[in-house]
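Chain by chain, the residues:
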Amino acid sequence: MTFKRILLKISGEALMGDNSYGISTEVIRFLSSEIKKVHDHGIEIAMVIGAGNIFRGVAGAAKGMDRGSADNMGMLGTVINSLAVQDGLETVGIPCKVMSAITMLNVCEPYERVKALDHLGNNRVVIFAAGTGNPYFTTDTAAVLRALEIKADVIMKATRVDGVYDKDPEVYPDAQRYTTLSYNKVLRDDLKVLDAAGISLARDNELPILVFNMKESDNITKAALGAEGIGSLISA
Ligand code: UDP
């Protein structure tokens, strides 16, 4: 099954590369060339990018900040990352619009669902920035929300490993990868793939989530084209 419209969720940390903070230009270049391959297949691409490489609200709150202010900082971090990815995509010739849930007209467009659909229909990649625009949420939940709003066929969640495992594969060599699993299993076993709010929203609306490794060349394209053996598919 080839997906016609995907929502690609990338964590902020994935943009750091080998650094411990910020944005790696090599990662942006690699990601852009990988997305170009998907775009060349005529697949519509929306993206949500996190901000763990810059700032997370919970970390600020743990140090005594007001959670609302800290989360606003986190959301602004996602705008920084979105602009970096937009620049990378435009450098390889892919038209791209950043639409933010927090209005900042001089920097990017405000999020508007109908306009986002128009961009996608006109071959533009759309990056949804600033999460949901509300504190106490994460970009995982924002990804599910936006994917539902634009009627994406799937959320493709890029991680460091090639899917969902029964235990941490970076710690346990005998960890087994699930090829398919249910939303309820993810919730019941508290598998750390997407936060519980995001998984519940996906479950209630039957939005499939494909968890896969983006670091391997061609993997985003293979996953978008529905190749067998890529990642773990979470569905009902
Ligand atoms: N955030 C928020 N509301 C949202 C999405 C994100 O307040 O709807 C803030 C929150 O502080 C979060 C930060 O933005 O910690 C970065 O998002 P996330 O932690 O999801 O980034 P990732 O882990 O994907 O890099």
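Here the structure is a predicted model, which is why all the values come from computation and not from measurement.

## Some remarks on the site of the ligand
Part 1 of the argument: Around the ligand, the surrounding shell holds 19 residues, and the nearest of these are G12, D71, T132, N134 and T139.
Part 2 of the argument: K9 places a side-chain nitrogen or oxygen 2.9 Å from an oxygen atom of the ligand.
Part 3 of the argument: Relative to its unbound accessible surface of 520 Å², the ligand loses 93% to contact with the protein.
Part 4 of the argument: Per element, the largest residue contribution to the shell around the ligand is three residues, and it comes from helix α3 (residues 67–91).
Part 5 of the argument: Among the residues making up the shell around the ligand, the classes are represented as five nonpolar, 11 polar and three charged.

## Quick look at unusual backbone geometry
Part 1 of the argument: One non-glycine residue with positive phi stands out, namely Y136, at about 70 degrees.
Part 2 of the argument: Note that Y136 resides in the loop between β5 (125–129) and α5 (139–149).
Part 3 of the argument: Look at Y136 and you get exposed, because its relative accessible area is 57%.
Part 4 of the argument: You will see that K151, though not glycine, has its phi angle at about 55 degrees, which is positive.
Part 5 of the argument: By secondary structure assignment, the location of K151 is in the loop between α5 and β6 (154–159).

## Some words on the nonpolar core
Part 1 of the argument: Residues I6, L31, M47, V85, M156 and F212 are the most contacted members of the largest nonpolar core, which totals 38 residues.
Part 2 of the argument: Apart from the residues within four sequence positions on either side, M47 is in contact with L8, I10, L31, I35, V85, L89, V125, V126, I127 and F128.

## Some points on the packing of aromatic side chains
Part 1 of the argument: Counted under the stated rule, the structure contains one aromatic pair.
Part 2 of the argument: On the numbers, 5.4 Å between centres and 85 degrees between planes, the contact of Y111 with F128 is edge-to-face. Of this pair, Y111 sits in the loop between β4 (109–110) and α4 (113–121) while F128 sits in strand β5; the two residues are 17 residues apart in sequence, bridging distant segments of the chain. Comparing Y111 with F128 shows no difference in burial state: the two are buried.
Part 3 of the argument: Lying over the aromatic face of Y111, R146 brings its terminal NZ or CZ to 3.6 Å of the ring centre.
Part 4 of the argument: A cation over a ring is seen here: K167 above Y172, with NZ or CZ 5.5 Å from the ring centre.

## A word on the side chain of D71
Part 1 of the argument: For D71, the position within the fold is in helix α3.
Part 2 of the argument: The buried category is assigned to D71, whose relative accessible area is 7%.
Part 3 of the argument: Contact partners of D71, with chain neighbours within four places excluded, come to G57, V58, P135 and Y136.

## Quick notes on the packing of helix α1 (residues 25–40) against α3
Part 1 of the argument: At a closest axis distance of 9 Å, the pairing of α1 and α3 adopts a crossing angle of 60 degrees. By the angle class used here, α1 and α3 are oblique. Along this stretch, α1 crosses α3, giving a crossing that reads as right-handed. When α1 is examined against α3, the residues I28, L31, S32 and I35 are found in contact with a partner set consisting of A84, V85, G88 and L89.
Part 2 of the argument: Of the residues in the contact of α1 with α3, the class split is six nonpolar, two polar and no charged.

## Quick notes on the pairing of strand β10 (residues 209–213)
Part 1 of the argument: By the criterion of burial, β10 is predominantly enclosed, with five of the five residues buried.
Part 2 of the argument: The side-chain alternation of β10 yields two buried faces, one formed by I209, V211 and N213 and the other by L210 and F212.
Part 3 of the argument: Here β6 runs beside β10; their pairing, made up of five bridges, is parallel. Within β10, the residue paired with I155 across the bridge is I209.

Rules of the game
Per chain, the residues get numbers from 1 upward, laid out in the order the sequence is written. Under the rules for a predicted model, residues below a pLDDT of 70 receive no local features and side-chain atom pairs below 80 are neither given nor counted, while totals for whole chains, interfaces and linings still include all residues. The side-chain numbers reported here are obtained from all heavy atoms of the structure, hydrogens and water having been left aside. Only heavy atoms are used to decide nearness, and a residue is near a molecule or strand if one of them lies within 4 Å of it. The definition of a polar contact used here is a pair of N or O atoms within 3.5 Å, where within protein one atom must be able to donate a hydrogen and the other to accept one, and adjacent residues in sequence count solely through side-chain atom pairs. Per-residue accessibility takes into account occlusion by the displayed protein chains alone, with areas from the Shrake-Rupley method and a 1.4 Å probe. Think of it this way: any DSSP run of H or I at least four residues long counts as a helix, any run of E at least two long counts as a strand, and we number them from the N terminus. Note on residue classes: Ala, Val, Leu, Ile, Met, Phe, Trp, Tyr, Cys and Pro are nonpolar, Asp, Glu, Lys and Arg are charged, and everything else, Gly too, is polar. Think of it in three bands: residues with accessible area under 20% of the maximum for their type are buried, residues over 50% are exposed, and the middle band is partly exposed, with areas taken using a 1.4 Å probe on protein chains only. Joining through side-chain atoms within 4.5 Å is the link that ties buried Ala, Val, Leu, Ile, Met, Phe, Trp, Tyr and Cys residues into a set, and such a set is a nonpolar core. We call two residues contacting when some pair of their heavy atoms lies within 4.5 Å. Classification of ring pairs uses Phe, Tyr and Trp, with its six-membered ring standing for Trp, and accepts pairs whose centres are within 6.5 Å; under 30 degrees between planes counts as stacked, over 60 as edge-to-face, and the remaining range as tilted. Look at NZ for Lys and CZ for Arg. If either is within 6 Å of the ring centre and within 35 degrees of the ring normal, a charge sits over the ring. For helices, the axis comes from a line fit to the C-alpha atoms of the stretch in contact; other axes are also lines fit to C-alpha atoms, and the angle between any two N-to-C directions lies between 0 and 180 degrees. By definition in this entry, angles of less than 35 degrees are roughly parallel, angles greater than 145 are roughly antiparallel, angles of 65 to 115 are roughly perpendicular, and the rest are oblique. Left-handed describes a crossing whose near helix is turned anticlockwise from the far helix by less than a right angle; the clockwise case is right-handed. By the convention used here, strands pair only if DSSP detects at least 2 bridges between them.

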